[in-house]
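What follows is the residue order along each chain.
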2 protein chains.
Amino acid sequence: MTASRALLAVVARSLASVDEDVTLPQYRALIVLGQRGAQRPADLASTLAVTPSTATRMCDRLVTKELVDRDRVAEDRREVRVTLSDRGRTLVDEVTRRRRAEIAGLLGTLPQADRDAVVDALHTFARAAGEVPEPEWAVLP
Amino acid sequence: MTASRALLAVVARSLASVDEDVTLPQYRALIVLGQRGAQRPADLASTLAVTPSTATRMCDRLVTKELVDRDRVAEDRREVRVTLSDRGRTLVDEVTRRRRAEIAGLLGTLPQADRDAVVDALHTFARAAGEVPEPEWAVLP
DNA sequence: CAGAACCGTTGCATTGAGACATGATTGCAC
DNA sequence: GTGCAATCATGTCTCAATGCAACGGTTCTG
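Residues numbered from 1 in each chain as written. Chains lettered and ligands numbered in written order. Predicted model: local features only at pLDDT ≥ 70, side-chain atom pairs only at ≥ 80, totals over all residues. Heavy atoms only, no water.

A word on the overall build of chain A
Of regular secondary structure, chain A possesses six helices and two strands. Secondary structure elements of chain A, listed N to C terminal, follow the sequence α-α-α-α-β-β-α-α. By principal-axis analysis of the C-alpha atoms, chain A measures approximately 60 × 35 × 25 Å. Burial statistics for chain A: of 141 residues in total, 40% are counted as buried. A separation of at least 24 residues holds for 53% of the contacts in chain A among residues at least 6 apart in sequence. Counting only carbon and sulfur atoms, one obtains 51% of the accessible surface of chain A, whose full area is about 7,400 Å². For chain A, the centre of its 21 positive side-chain charges and the centre of its 21 negative side-chain charges are spaced 3 Å apart. (Helix = DSSP H or I, 4+ residues; strand = E, 2+ residues; numbered from the N terminus. Buried < 20%, exposed > 50% of the residue type's maximum accessible area, 1.4 Å probe, protein only. Contact = heavy atoms within 4.5 Å. Areas by Shrake-Rupley, 256 points an atom, 1.4 Å probe, with all protein chains shown as cover. Lys, Arg positive; Asp, Glu negative; His and termini not counted. Charge placed at Lys NZ, Arg CZ, Asp CG, Glu CD.)

Here you go:
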């Protein structure tokens, strides 16, 4: 429990430290775009478990912040393609970078032997978690 | 990174699985009350880094949901004491229980030796994280 | 071509978070 | 007792998230 809480603290800090003003739902959308590439608003909506209209407004805000781009698709002009902009990708990368750095910082305080053991164990844990297929898994910060 | 994401997924699920309709800020408030006991709204506010008025409204909503109790203190009738109600405590406990269960379930898929190694490593990690004193640490779900 | 099916957007409404300023009690020092 | 400080509560405002319903293009099908 303590470990999970500690990791959560790291995650929360890495998110909070980004000064760009992005809410959690917005960040989740960015994550999806970063991991799955360009998405249609409807896909985004179903991934995030919200209605299409919510996805549209969210994209509105992200477009205003220039974190995503929104273009109509030429082949089927009904569709819209939402993509992470350069700034959006930078933001996501930055959060990830901070998280890595924080975790590395924590591990750095350990003696080498412990550190190796922890890294191995985290790999094992990640493998165990990965074997239980979960739908929304990966849509998280 | 994968391990941290997996743990985050566990946390998110344990939160989402509670059908009581509680937002993240509200849950954070419940956590604080659970860990530190009765609080004055002002203390709650400073812990959660919001203004007193925000804390008051949050308590309004939590009182409506009967997750906390709010009473004036007899000794100093200016003060208000906010306490976790039985239902509130049950909710917090339930989330914790689910989280433990999920993590235990994951670990259960591992062979005994790996499991022990992971548990040790998580303890080590928690200790390392605990040595870096962090202000908001512990206010997290 | 006409209608169906699809996709995204928009209007309208609700809820929660959050801030700031203001008011109302209460306690304390003088 | 007066005055000041502490402590909440309230009024008012803004903004984000969210859902439902209705609308407006686009494409597909008969």
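Focus: the protein's contact with DNA strand D
Every one of the 23 residues lining DNA strand D counts as a neighbour, but A:Thr23, A:Arg61, A:Arg77, B:Arg40 and B:Arg57 are closest to it. Here DNA strand D approaches the protein such that, of its atoms within 4 Å, sugar and phosphate make up 61%. A distance of 3.0 Å separates a phosphate oxygen of DNA strand D from a polar atom in the side chain of A:Gln26. Here a base oxygen of DNA strand D sits 3.5 Å away from a polar atom, N or O, in the side chain of A:Arg57. Residue assignment for the surface near DNA strand D shows that the elements contributing at least two residues are α2 (24–36) and α4 (52–64) of chain A together with α3 (41–48) and α4 (52–64) of chain B. Partitioned by chemical class, the residues of the surface near DNA strand D number five nonpolar, seven polar and 11 charged. (Near = heavy atom within 4 Å. Polar contact = N/O pair within 3.5 Å; in protein donor to acceptor, adjacent residues only side chain to side chain. Nonpolar A, V, L, I, M, F, W, Y, C, P; charged D, E, K, R; others polar.)

A short note on unusual backbone geometry
Residue and element names in this part refer to chain A. Backbone geometry places Glu-66, a non-glycine residue, at a positive phi of 60 degrees. Here Glu-66 lies in the loop between α4 and β1 (68–72). Glu-66 sits in the partly exposed class, given a relative accessible area of 47%.

Side note on the interface of chain B and chain A
In this assembly, 38 residues from chain B lie in contact with 38 residues from chain A. Here chain B meets chain A over a buried area of about 3,800 Å², counting both sides, of which 79% is carbon and sulfur. Counting the surface chain B buries against chain A, the share from its top three residues, B:Met1, B:Arg5 and B:Phe125, is 19%. Here chain B is connected to chain A by zero salt bridges. (Buried area = accessible area lost by both parts, 1.4 Å probe. Salt bridge = Lys/Arg side-chain N within 4 Å of Asp/Glu carboxyl O.)

What about the relation of the copies chain B and chain A?
Mapping chain B onto chain A is achieved by rotating through 179 degrees and translating by 0.0 Å along the same axis, at an RMSD of 0.1 Å. Read as a symmetry element, the transformation amounts to a two-fold axis. The position closest to the rotation axis in chain B is occupied by the C-alpha of B:Ala121, lying 3.0 Å away. A share of 100% of the interface residues of chain B reappears at the interface of chain A, consistent with the copies meeting face to face through the same patch. (Least-squares fit on C-alpha atoms with pLDDT ≥ 70 in both.)

Thoughts on the nonpolar core
Across soluble globular proteins, nonpolar side chains show a tendency to be buried alongside one another. Residues A:Leu107, A:Val118, A:Phe125, B:Leu107, B:Val118 and B:Phe125 are the most contacted members of the largest nonpolar core, which totals 30 residues. Counting only elements with at least two residues in this core, the list comes to α1 (2–16), α5 (86–108) and α6 (112–131) of chain A together with α1 (2–16), α5 (86–108) and α6 (112–131) of chain B. Aside from chain neighbours lying at most four places away, what touches B:Leu107 is A:Phe125, B:Arg115, B:Val118 and B:Val119. (Core = buried A, V, L, I, M, F, W, Y, C linked by side-chain atoms within 4.5 Å.)

Looking at α1(B)
All names here are of chain B. The terminal C-alpha atoms of α1, which comprises 15 residues, lie 21 Å apart, in line with the 21 Å expected from a rise of 1.5 Å per residue. Within α1, 11 of the 15 residues are buried, which leaves the element mostly enclosed by the surrounding structure. Listed in full, the buried residues belonging to α1 are Ala-3, Ser-4, Arg-5, Ala-6, Leu-7, Leu-8, Ala-9, Val-10, Val-11, Arg-13 and Ser-14. (Expected span 1.5 Å × (residues − 1).)

Description of the side chain of A:Gln39
Residue and element names in this part refer to chain A. Checked against the element boundaries, Gln-39 lands in the loop between α2 and α3 (41–48). Residue class for Gln-39 comes out buried when judged on its relative accessible area of 10%. Apart from the residues lying within four places of it in its own chain, the contact partners of Gln-39 are Val-32, Leu-33, Leu-44, Thr-47, Val-80, Arg-81 and Val-82.

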